[in-house]
Structures are given as structure tokens and as C-alpha cells.
Amino acid sequence: MLVRKKRWGVAACATLLPLSLLTGCGASTNVTSSTNEAASASTPVTITIWDNEQGPMQQIAQTATNAFNTSQHKIKANIIFFSNDAYKQKIQIAMGANTPPDLIYGWGGGILKTYVDAHKVIPLDTFLKANPAYKNKFFPSVWGNVTINGHIYGVPEGGGTQPEFLFYNKDIFKQYDLPVPATWNQLINDVKALKNHGVIPIALGARDEWPDLMWLMYLTDRIGGPSVFNGIIANKPNAWDNPAIIKAVQMIQQLVKMGAFEPGYSGVSADSNEDQALLYSGRAAMLLQGSWIYPTLQQAAPQFTANQLGWTMFPSVPGGKGNPADLMGNISTYYYISSTSKYPWADETYLKDVVLNSYMVNQELKNGVVPPVKGLGAKVRNQPDGRFLYYAYTQAEKAPVFVTGWDQLLPPQEAQTLLQDLSSVFLLKMTPQQFVQSMNSSMPRS
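The present account deals with the structure reproduced in this document. (Residues numbered from 1 in each chain as written. Predicted model: local features only at pLDDT ≥ 70, side-chain atom pairs only at ≥ 80, totals over all residues. Heavy atoms only, no water.)

1. Some remarks on the overall build of the protein
A count of helices and strands for the protein gives 21 helices and 13 strands. Its C-alpha atoms put the protein at 75 × 50 × 35 Å along the principal axes. A burial count over the protein gives 60% of its 446 residues as buried. When the accessible surface of the protein is summed, it comes to about 17000 Å², and 50% of that surface belongs to carbon and sulfur atoms. For the protein, the separation between the mean place of its 34 positive charges and that of its 31 negative charges on side chains is 3 Å. (Helix = DSSP H or I, 4+ residues; strand = E, 2+ residues; numbered from the N terminus. Buried < 20%, exposed > 50% of the residue type's maximum accessible area, 1.4 Å probe, protein only. Areas by Shrake-Rupley, 256 points an atom, 1.4 Å probe, with all protein chains shown as cover. Lys, Arg positive; Asp, Glu negative; His and termini not counted. Charge placed at Lys NZ, Arg CZ, Asp CG, Glu CD.)

Structure, rendered in C-alpha cells:
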């Protein structure tokens, strides 16, 4: 079953943005080199990896690392696992003290950019150029989130790709003869009909703030296409004051004013799966969430998940510039090589030989995790949860744009402001104009 990735930093989701727009200052031009350094080592060297995986994923990574250590005579890899909050605290302290592990677990985006700007991690261009088969086995969209100033600083760590979908209760839609919404107008009409029948149209776990962001991201993309966020992440002046952003906020508030979400949604927790409970209990008809909720739905409501749960892409917006096949979510987590590592060649060997090797891919699939690796369609389809997993995999594999949560791609302070202001938007305490003004003010100043 899919393992939900904990959201990083201010909240827990990479993007096929033009690489020239994912820029960073002070990016090192030094590159690692897998040369004969390995041959010159007379005794095994030890590399340390910090990881944030839990449950079955942790065991898969540990077993793969143990096998690597058995097969190697020159390298010993020591992988250490932390819970989400403990990891965030420990890596922040370690990076500040310049005592990080050799391989660092992360999500790319804004936090990675701070590492690059401070020369804390090294680019992997030479390593990837020397190992084209390794690079080419991944979805092309994984690289945008770890590409800064034209250099790639991370490789997929081993977790699954997790798109965000509109989940729905098939029985409710059948009972009231409603179409599954493929367009925004259909969604609005469904909301009206469901309200008339006394059904909560859409569940929302707004207490945790990050679920609000899914609505803004999808609507912005559907209305204005990927160029809107490209401008924001490139830190262009007043980039938030874009007609697509203003329109997206207006459409969100249209839903709020219609009563599309459950009463008291600001107190409902997605982290505690309360939004899911509204869906499987039959109280709510729809839920916009990541594919990471599938296993918890199975555990809490196996009959519902097997027979009543439906899923679809986020609706298109008439006249919008965005491709309806664009995805939001988590495409991957990553490993970076620390600039303090004494043995970059050993780190590279571990990445190439262990991370998402055939053993890891097969074990992840058995656990319902779909890695961002090309050509797995047949294997995915044959899994016990193959119907859902195959849908998630094929949508991710063909997505022209796959964007990670903006709260991870943006600099930390801007991301924090985004979540806080968006919460105010959903509570109708902030107008669209006030929102974009506040966000423009939060952008880093050069």
C-alpha cells in the first residue's frame, strides 16, 4: 500500500518546470568524480545516510543497504532512520553546525536551494553524465525539483510517486445521477445538487493548512499553466499578482460561499484522517487528496475502498491555459551528497547500486508503492491494488507537468506566509487582492 510522505518544513509533494527558471545563487561548479579513488582505498570507508522512511519502506532500504555492505569490500554504508519531526530538527542543526551526514534526505525545492546557496551540497552532473542508464530510468519530471542554476543536486531516494486526485464516493454519485466532474462547471453543478440533497459536497481538512494548498495549486495551473508558478519560483517582482492567482482565489472563495466544504472545516484534521472519515462514512461526496491516503482508507474502510471509492483528475477550467493532465503532489524524495563528505565516490557508488535497484523496486511494488521509474506498467497492474496503482502510475508517467507542493519549493518564510494567508482565504478573512499583496511582500529580496 502507498506510504504517505510526511510533509516537509512548514507542512508534507517535483515539478517539470523549465530548468532555467529554477535558479540559485552561489551554486558550486565543482562536480563529483567517480575515479580510481575507490581502488586506492586500502581499508573500507564508512558513509552515513540519514533517512526519514518509516514502516515497510524503512525495512526495504535497510535490507538493500545490508546487501550492499555484504557485496562491497571498499565501502560500508550506515543508514540511520528518524521520525519526521526528529529528522527536521536534527538535519537543521547538523547543517548549521556543518556536521551533516554524507547522504542527506530531502524534498528538493526551497530548502535545497538554501543548501546550494550555502555550499552545503555538491552537484551531481558529472555522476549522472557518467551513468546515463541510471539517470534515464527515472521519470524526466523528477529532476526539476532538484535542479538549481542549471545543476542537478539530488537523485530519487526510493519513495513512491504520489499524485493528488479528486476522490469520490461512487454510490453517492450514482444515487443522485451526477456526473463525475471533469470540468469546473460540472464541479459547481455537483456541489449545488449535493447541497440540495443534504450531502457535504467536499471534505476538507483545513486545520492542517496544507490541504488548502492543493486547491490553489491546481486552479492556478488549470487557469494559467505552469508559467505562473515559474515566475514565482524565479522570484520575479510581483509574480504573485497574476490574473491566474487572483482568479484561483476567487474560485476557492466561490466554493466556500456555496458551502461546498463541511461545517467547521477549519477544525477538521487531514493529518488525523478526519477528512477521509467524512468520505468513507458517506457524509461527504468528494475529497481532494494525495494518493498517500489510499492505504489508510483501505485499513479504515476496506469495503468502501474496494467497492465505492472512485478517483479522477482535477477538473479542467474552461478557457484555461493549463493542461488537464498536469499533476500536483509528491513525485519523489531525494538524496543529496554533502559537501563535507570525505568520500563522494563512495556516496555515488551507493546511489548507483542501491537506490531504486531492482530489489527495491520490486519490494516497493509489493507494498503498493509506485516509484518514479519508467516501464513498470505491467508490474504495477499486476499488484493486489493494481487498479488504483496503475492509474496513479500512468498519470504520473505521462504528466507534462508534475509539481510538488509549493510550500516545499518556496523559501521557508515565503512558504509559511503562503499557508497562513491561504488559511485566511478559506475563512473569507482575506480578499484575493490582499492575498497577492501579502505574498508579493513575502518574496525574498535580492
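2. Overview of the nonpolar core
Judged by nonpolar contacts, the single largest core of 152 residues is most densely connected at Trp184, Trp215, Leu216, Trp240, Tyr350, Trp406 and Phe435. When residues no more than four places from it in sequence are discounted, the contact partners of tryptophan 184 are Trp215, Leu219, Met251, Gln254, Leu255, Phe314, Pro315, Ser316, Val317 and Pro318. (Core = buried A, V, L, I, M, F, W, Y, C linked by side-chain atoms within 4.5 Å. Contact = heavy atoms within 4.5 Å.)

3. Notes on unusual backbone geometry
A positive phi angle is found at asparagine 149, which is not glycine, with a value near 55°. Positionally, asparagine 149 belongs in the loop between strand S4 (147-148) and strand S5 (151-152). Residue asparagine 149 is classed as partly exposed on the basis of its relative accessible area of 39%.

4. Things to note about the environment of proline 226
Looking at the secondary structure, you find proline 226 in the loop between helix H9 (210-224) and helix H10 (227-233). The exposure class assigned to proline 226 is partly exposed, which follows from its relative accessible area of 29%. Here the alpha-carbon distance between proline 226 and phenylalanine 402, two residues 176 residues apart in the chain, equals 9.6 Å.

5. So, the pattern of salt bridges
Using the criterion set out here, one finds three salt bridges in the structure. For the salt bridge of lysine 113 with aspartate 117, the shortest nitrogen-to-oxygen distance reads 2.9 Å. With a gap of four residues between them, lysine 113 and aspartate 117 both fall in helix H4 (residues 109-117), about one helical turn apart. Accessibility expressed as a relative area gives 25% for lysine 113, which makes it partly exposed. (Salt bridge = Lys/Arg side-chain N within 4 Å of Asp/Glu carboxyl O.)

6. Examining the packing of aromatic side chains
Applying the stated criterion across every chain, the model contains 27 aromatic pairs. Centroid distance tyrosine 115 to tyrosine 336: 6.2 Å. Interplanar angle 70°. Geometry classified as edge-to-face. Within this pair, whereas tyrosine 115 is found in helix H4, its partner tyrosine 336 is found in strand S12 (residues 334-337), the two being separated by 221 residues in sequence. Pair check on accessibility: tyrosine 115 and tyrosine 336 agree, each one buried. Plain terms: the ring middles of phenylalanine 165 and phenylalanine 388 are 6.3 Å apart, the flat faces sit at 85° to each other, and that makes the pair edge-to-face. With a gap of 223 residues between them, phenylalanine 165 in strand S7 (residues 162-169) and phenylalanine 388 in helix H18 (residues 386-398) connect regions that are remote in the sequence. Of the residues examined, phenylalanine 165 reaches a relative accessible area of 0% and is grouped as buried. (Phe/Tyr/Trp six-rings, centres within 6.5 Å; stacked < 30°, edge-to-face > 60°.)

7. Some thoughts on the packing of H9 against helix H11 (residues 243-258)
Contact geometry for H9 and H11: axes closest at 8 Å, N-to-C directions at 130°. On the basis of their axis angle, the class for H9 and H11 is oblique. In the packing of H9 onto H11, the handedness of the crossing is right-handed. Counting all contacts with H9, which are made through Trp215, Leu216, Leu219, Thr220, Ile223 and Gly224, the residues of H11 involved are Ala244, Ile245, Lys247, Ala248, Val249, Met251, Ile252 and Leu255. Of the residues that constitute the contact of H9 with H11, the class distribution is eleven nonpolar, two polar and one charged. (Axes fitted to C-alpha atoms, helices over the stretch in contact; angles between N-to-C directions. Parallel < 35°, antiparallel > 145°, perpendicular 65-115°, else oblique. Left-handed = near helix turned anticlockwise from the far one by under 90°. Nonpolar A, V, L, I, M, F, W, Y, C, P; charged D, E, K, R; others polar.)

8. Description of the pairing of strand S1 (residues 45-51)
Buried residues dominate S1, accounting for six of its seven residues. In this sheet, strand S2 (residues 75-81) lies alongside S1 in parallel orientation, the contact comprising seven bridges. Bridging across to S2, isoleucine 47 finds its partner in alanine 77. Following the backbone out of S1, through helix H2 (residues 55-71) and into the adjacent parallel S2, one traces a crossover that is right-handed. (Pairing = 2+ DSSP bridges. Right-handed = clockwise from strand over helix to strand, strands pointing away.)

9. Focus: H2
Helix length check: H2 (17 residues) gives 25 Å between terminal C-alpha atoms against 24 Å at 1.5 Å per residue, within 8%. Looking at H2, one finds that the buried residues are Met57, Ile60, Ala61, Ala64, Thr65 and Phe68. Along H2, the residues classed as buried sweep out an arc of 130° about the axis, all on the same side. Those residues of H2 that are buried are in contact with S2, helix H15 (344-353) and helix H16 (358-366). (Expected span 1.5 Å × (residues − 1). Arc of directions from axis to C-beta.)

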